[in-house]
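So you can see what is in the structure, the chains are spelled out below.
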Amino acid sequence: MRKNRKKICLAAGILLTMLLTGCGETGEKTQAAMGLIQNVDYGGALNLLEEAEAAGENIRLINRARGIAYMGLTDYEQAISYFEASLADSNGLVKNVDFDLNFYLAAAYSKNGMFSQAESAYDAILALRPEEVDAYFLRGNVRMALGNDTEAKEDFDKVIIMEPDNYDRLIQIYQVLDYSGYGDIGQEYLRTALVSGEKEMKPYDKGRIYFYLGDYQDAYIALEEAKEQGSAESYLYLGRAYEATGDYNYAANVYNSYLSKNAGNAEMYNQLGLCEMTRGDYQKALEAFQAGMQLENTTMMQTLSFNEIVAYEYMGDYGRARELIENYLNNYPDDVQAKREYDFLLTR
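Residues numbered from 1 in each chain as written. Predicted model: local features only at pLDDT ≥ 70, side-chain atom pairs only at ≥ 80, totals over all residues. Heavy atoms only, no water.

## Details of the overall build of the protein chain
Within the protein chain, the regular secondary structure consists of 20 helices and zero strands. In terms of overall size, the protein chain behaves like a compact globule, its C-alpha atoms giving a radius of gyration of 22 Å where 348 residues would be expected to give roughly 20 Å. In the protein chain, which comprises 348 residues, the share counted as buried stands at 46%. Long-range pairs, those at least 24 residues apart, make up 50% of the contacts in the protein chain with a sequence separation of at least 6. A total of about 17,200 Å² of accessible surface is found on the protein chain, and carbon and sulfur atoms cover 46% of it. Here the protein chain contributes 32 positively and 54 negatively charged side chains, and the mean placements of these two sets differ by 3 Å. (Helix = DSSP H or I, 4+ residues; strand = E, 2+ residues; numbered from the N terminus. Rg over C-alpha atoms; globule rule 2.2 N^0.38 Å. Buried < 20%, exposed > 50% of the residue type's maximum accessible area, 1.4 Å probe, protein only. Contact = heavy atoms within 4.5 Å. Areas by Shrake-Rupley, 256 points an atom, 1.4 Å probe, with all protein chains shown as cover. Lys, Arg positive; Asp, Glu negative; His and termini not counted. Charge placed at Lys NZ, Arg CZ, Asp CG, Glu CD.)

Structure (structure tokens):
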């Protein structure tokens, strides 16, 4: 039996911010297919895109949508072929859709382990748009994956110069570096930001930087001040800081305090569930995960669904866990950890 470990994904969230962005000239059926993609109905979207092509709608945007759908189905080779086809249909005039396609193509390359090709895609973007900060950050990610840490750091330095007060991005850079074994370099970035911007820095930003530096006492002070403003993120970081020092009881109180006064928050329910798992109260953990799953339009359904399975596993209900993980793998077939969990459950 194994605990679920939270993973840091390279470039987390960047692709989602681009998904379903308008590119102009989108036909009715293509637009409807994009709506199905948003609702995770990739098969239905692909069928509708066949109708869109038959109706003579814009083939570039149809192939772009096909690529996105195949990304959702984790068929990255098919996704790459459609993104490349869409790019090949350019009339030679560079449009916004070409940059959008290169971002998607680079993401598909990365998902398929083709990091050199992803780097080339970001090179192409930056050759025409040298101020495209997302491309520098994402290229830094793939350069880390290629082991080109010096060039990756150059990209990250460029991002920080371009966005000196973007602490969300700074923390993303730290997380990528830490994941890749360069946490000490990431912490140097954090310390520099703390020294240069501490007077103007909001308590929330200061608190989470202290958190990643492992200075939990100062993190408590800043985040206690920040949570008075009621933001869920402040509560989450405060609770995590207490968890990091082993005070799971107080951490659970922090999460429950937020949930008792505010509308449901999927990430808060998930963190509460993980905290209860660590405390050994698997029933409460299960209830927290399931409460998060009841929320509408949550982006954390995959995480919550997997953690629900793990909770049943720890409770000894292997039959229910096995049933749920089979359904889970139908929805998320590329989750390697879930496949290992399924193999384990087959032995119970």
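Resuming the write-up.
## Some points on the packing of aromatic side chains
Counted under the stated rule, the structure contains 16 aromatic pairs. For the ring pair Tyr 220 and Tyr 242, a centre distance of 4.1 Å and an interplane angle of 10 degrees mean the geometry is stacked. In this pair, Tyr 220 sits in helix α13 (residues 216-227) while Tyr 242 sits in helix α14 (residues 232-244), placing the two residues 22 residues apart along the sequence. Put simply, the rings of Tyr 174, Tyr 204, Phe 211, Tyr 212, Tyr 216 and Tyr 237 pair up and form one aromatic cluster. Against the face of Phe 99 rests Arg 129, its NZ or CZ located 3.6 Å from the ring centre. (Phe/Tyr/Trp six-rings, centres within 6.5 Å; stacked < 30°, edge-to-face > 60°. Lys NZ or Arg CZ within 6 Å of the ring centre and 35° of its normal.)

## Structural notes on unusual backbone geometry
Unusually for a residue other than glycine, Val 40 sits at a positive phi of about 65 degrees. Here Val 40 lies in the loop between α2 (28-38) and α3 (42-54). Accessibility expressed as a relative area gives 54% for Val 40, which makes it exposed.

## With respect to helix α6 (residues 96-111)
In a regular helix each residue adds 1.5 Å, so 16 residues correspond to 22 Å; α6 covers 23 Å between its end C-alpha atoms and thus fits that length. Along α6, 13 of the 16 residues are buried, which leaves the element largely enclosed by surrounding structure. Positive phi appears at Gly 113, one or two residues downstream of α6, with a value of about 75 degrees. (Expected span 1.5 Å × (residues − 1).)

## Here we look at the nonpolar core
In this structure, Ile 37, Phe 83, Tyr 122, Phe 156, Leu 190, Ile 209 and Met 268 are the most contacted members of the largest nonpolar core, which totals 85 residues. No other element matches α6, which puts 10 residues into this core. With 24 residues, the next largest nonpolar core counts Ala 266, Met 300, Tyr 314 and Ile 325 among its residues. (Core = buried A, V, L, I, M, F, W, Y, C linked by side-chain atoms within 4.5 Å.)

## Looking at the environment of Tyr 312
Examined against the element boundaries, Tyr 312 turns out to sit in helix α18 (residues 301-314). Residues within four places of Tyr 312 in sequence aside, it is in contact with Leu 286, Gln 290, Asp 317, Arg 320, Ala 321 and Leu 324.

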